[in-house]
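Next come the chains, spelled out residue by residue.
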Amino acid sequence: MQETLASRKLRVGRVVSLRVTDSRTVRRLSRRFRGEDSATDVLSFNTDFEGLRRPDGAADLGEIVIALPVAARGARERGVALPDELALLTVHGTLHLLGFDHEEAEEDRRMKGLERLALERAGFAGAARD
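The structure presented is a predicted model; accordingly, all values stated were derived computationally and were not measured.

Reading guide: rules and limits
- Residues numbered from 1 in each chain as written.
- Predicted model: local features only at pLDDT ≥ 70, side-chain atom pairs only at ≥ 80, totals over all residues.
- Heavy atoms only, no water.
- Pairing = 2+ DSSP bridges.
- Helix = DSSP H or I, 4+ residues; strand = E, 2+ residues; numbered from the N terminus.
- Axes fitted to C-alpha atoms, helices over the stretch in contact; angles between N-to-C directions.
- Contact = heavy atoms within 4.5 Å.
- Parallel < 35°, antiparallel > 145°, perpendicular 65-115°, else oblique.
- Left-handed = near helix turned anticlockwise from the far one by under 90°.
- Nonpolar A, V, L, I, M, F, W, Y, C, P; charged D, E, K, R; others polar.
- Buried < 20%, exposed > 50% of the residue type's maximum accessible area, 1.4 Å probe, protein only.

1. Considering the sheet that holds strand S3 (residues 59–67)
Then, in step 1: Strand order in the open sheet made by the three strands is S1-S3-S2, with mixed pairing throughout. Strand pairing shows two members of the sheet lacking a second neighbour, strand S1 (14–21) and strand S2 (42–46), which therefore form its edges. Taken over all neighbouring pairs, the strand axes of this sheet differ in orientation by 20 degrees on average, direction set aside.
Then, in step 2: Pairing between S1 and S3: eight bridges, direction parallel. Within the sheet, the bridge partner assigned to Arg14 lies in S3 and is Ala59.
Then, in step 3: Contacts from helix H3 (residues 68–78) reach S1 and S3 within the one sheet, and its direction differs from that of S3 by about 65 degrees.
Then, in step 4: Lying on the sheet, helix H4 (residues 82–97) is in contact with S1, S2 and S3; it crosses S3 at an angle near 140 degrees.

2. Let's talk about the packing of H4 against helix H5 (residues 105–121)
Then, in step 1: For the pair H4 and H5, interaxial distance at closest approach is 10 Å and the crossing angle is 125 degrees. One finds that H4 runs oblique with respect to H5. As H4 runs across H5, the sense of the crossing is right-handed. Side by side, H4 and H5 meet where Ala87, Leu88, Val91, His92, Leu95 and His96 of the first sit next to Met111, Leu114, Glu115, Ala118 and Leu119 of the second.
Then, in step 2: Per-class residue counts for the contact of H4 with H5 are eight nonpolar, two polar and one charged.

3. What to know about the environment of Phe33
Then, in step 1: By the secondary structure assignment, Phe33 is in helix H2 (residues 23–34).
Then, in step 2: Taking the relative accessible area as the measure of exposure, Phe33 reaches 47% and is therefore partly exposed.
Then, in step 3: Along the sequence, Phe33 and Leu43 sit ten residues apart, while their C-alpha atoms lie 9.7 Å from each other.

Structure below.
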């Protein structure tokens, strides 16, 4: 996550909350905030409000919520270790908080490139998706 944030050259420090939880919790959040009744691997909730700062001067960027069982299944399917999958999902969620998306093919290519770069810098090169 730190590598992802550092690569964006932000002027103000950012704080990101990370919650690793169960599929039921993520499914409930997905249903409430995305209108999808399923547990995805990672959700991101942006809380970066203009001018709102913490006492230390940093801004809250948001929260990343990872469904551990879904992440574990994804790791098995991709043939990577669970820590690698968690690193990927953390970087992916952080990129969403920074405004990146992957709905269109070009956006998806760019986001995967940024994921790869951040994961390589953090020592998780094998965690990147193709």
